[in-house]
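Chain by chain, the residues run as shown.
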Amino acid sequence: RLDKDQITEKIWLGNFNSANNVVNLKKEGIKNILTIMDKATPYYNKTDNFNHKAIKVSNEPTSNIIRHLGECLNFIKGCDKILVHCMSGASRSASIVIAYIMWEQKKNYEDAFDFVNKKRPVAFPNFGFREQLKIFDKLLKIYLSNELSLSVLNAKLKIFISIPSNISPANF
């Protein structure tokens, strides 16, 4: 299995190894890196000239990833070529990329998941992240129907700082 897979023209989804392979990143022209991990983050020399952002999220179903979506979407939006990664490139980073595809391509959760999973078959957010992405899907529909700005959507996402672990989109 590859350390990273190209999802769109500008987005690669990968694991920790892909983020540490500076030679390959430079060869692909990737200058932006979004790390979604709770502990270790890749180290880059200033001479590598990477635009690196790290978001601390553990890969637990009870972790609140939705509160970081606005910040992550804004970061990805402002990049040309970007690697989004976590430890395995399957759950945390896949959740962020799925959310970006939902927002950028105006896809619902299921279609965005299928789109990403076809490009990176190991992409499979944990149960809690899937449930939060379904909530994001509902919020996104409101956002799109009212032509709200991304900053307004980001403010709405901050409401979910303490999502109970038993919440489901059906209760939203």
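Just so you know, these numbers come straight off a predicted model, no measurement behind them. (Residues numbered from 1 in each chain as written. Predicted model: local features only at pLDDT ≥ 70, side-chain atom pairs only at ≥ 80, totals over all residues. Heavy atoms only, no water.)

On to the overall build of the chain, then. In terms of regular secondary structure, the chain is built from seven helices and five strands. N-terminal to C-terminal, the α/β element order of the chain is β-β-α-α-β-β-α-β-α-α-α-α. Taking all contacts inside the chain whose residues are at least 6 apart in sequence as the whole, residues at least 24 apart take part in 66%. (Helix = DSSP H or I, 4+ residues; strand = E, 2+ residues; numbered from the N terminus. Contact = heavy atoms within 4.5 Å.)

Right, let's get into the side chain of Gln-132. For Gln-132, the position within the fold is in helix α6 (residues 127-145). Since its relative accessible area comes to 6%, Gln-132 is described here as buried. A polar atom in the side chain of Gln-132 sits 3.0 Å from the backbone nitrogen of Ile-65. In this structure the side chain of Gln-132 is engaged in a polar contact, spanning 3.0 Å, whose partner is the backbone nitrogen of Ile-66. (Buried < 20%, exposed > 50% of the residue type's maximum accessible area, 1.4 Å probe, protein only. Polar contact = N/O pair within 3.5 Å; in protein donor to acceptor, adjacent residues only side chain to side chain.)

We now examine unusual backbone geometry. Of note in the backbone geometry, Asn-49 takes a positive phi value of approximately 55 degrees without being a glycine. Structurally, the position occupied by Asn-49 is in the loop between β3 (32-37) and β4 (51-56). Residue Asn-49 is classed as exposed on the basis of its relative accessible area of 59%. The phi dihedral of Lys-106 falls on the positive side, at around 55 degrees, and the residue is not glycine. Checked against the element boundaries, Lys-106 lands in the loop between α4 (92-105) and α5 (109-119). A residue is classified by how much of its surface remains accessible, and Lys-106, at 59% relative accessible area, is exposed.

For Ser-63, the location among the structural elements is in the loop between β4 and α3 (69-77). Judged by relative accessible area, which is 11%, Ser-63 ranks as buried. The contact partners of Ser-63, leaving out residues within four places of it in the chain, are Val-57, Ser-58, Phe-129 and Gln-132.

Right, let's talk about the nonpolar core for a bit. Formed by 38 residues in total, the largest nonpolar core has its most connected members in Leu-34, Ile-36, Val-84 and Ile-96. If you list the elements that add at least two residues to this core, you get β2 (11-14), β3, α3, β5 (82-85), α4, α5 and α6. Counting residues per element, this core draws most heavily on α4, at nine residues. Once residues lying within four places of it in the same chain are set aside, the contact partners of Ile-96 are Leu-34, Ile-36, Ile-65, Leu-69, Cys-72, Leu-73, Ile-76 and Val-84. (Core = buried A, V, L, I, M, F, W, Y, C linked by side-chain atoms within 4.5 Å.)

So, about the confidence of the model for the chain. Across the chain, pLDDT averages 88, with 84% of residues at or above 70. Here residues 160-172 is a poorly scored stretch, pLDDT under 50, and it has 25 contacts once near neighbours within four places are set aside; other chains count. (pLDDT = per-residue confidence, 0-100.)

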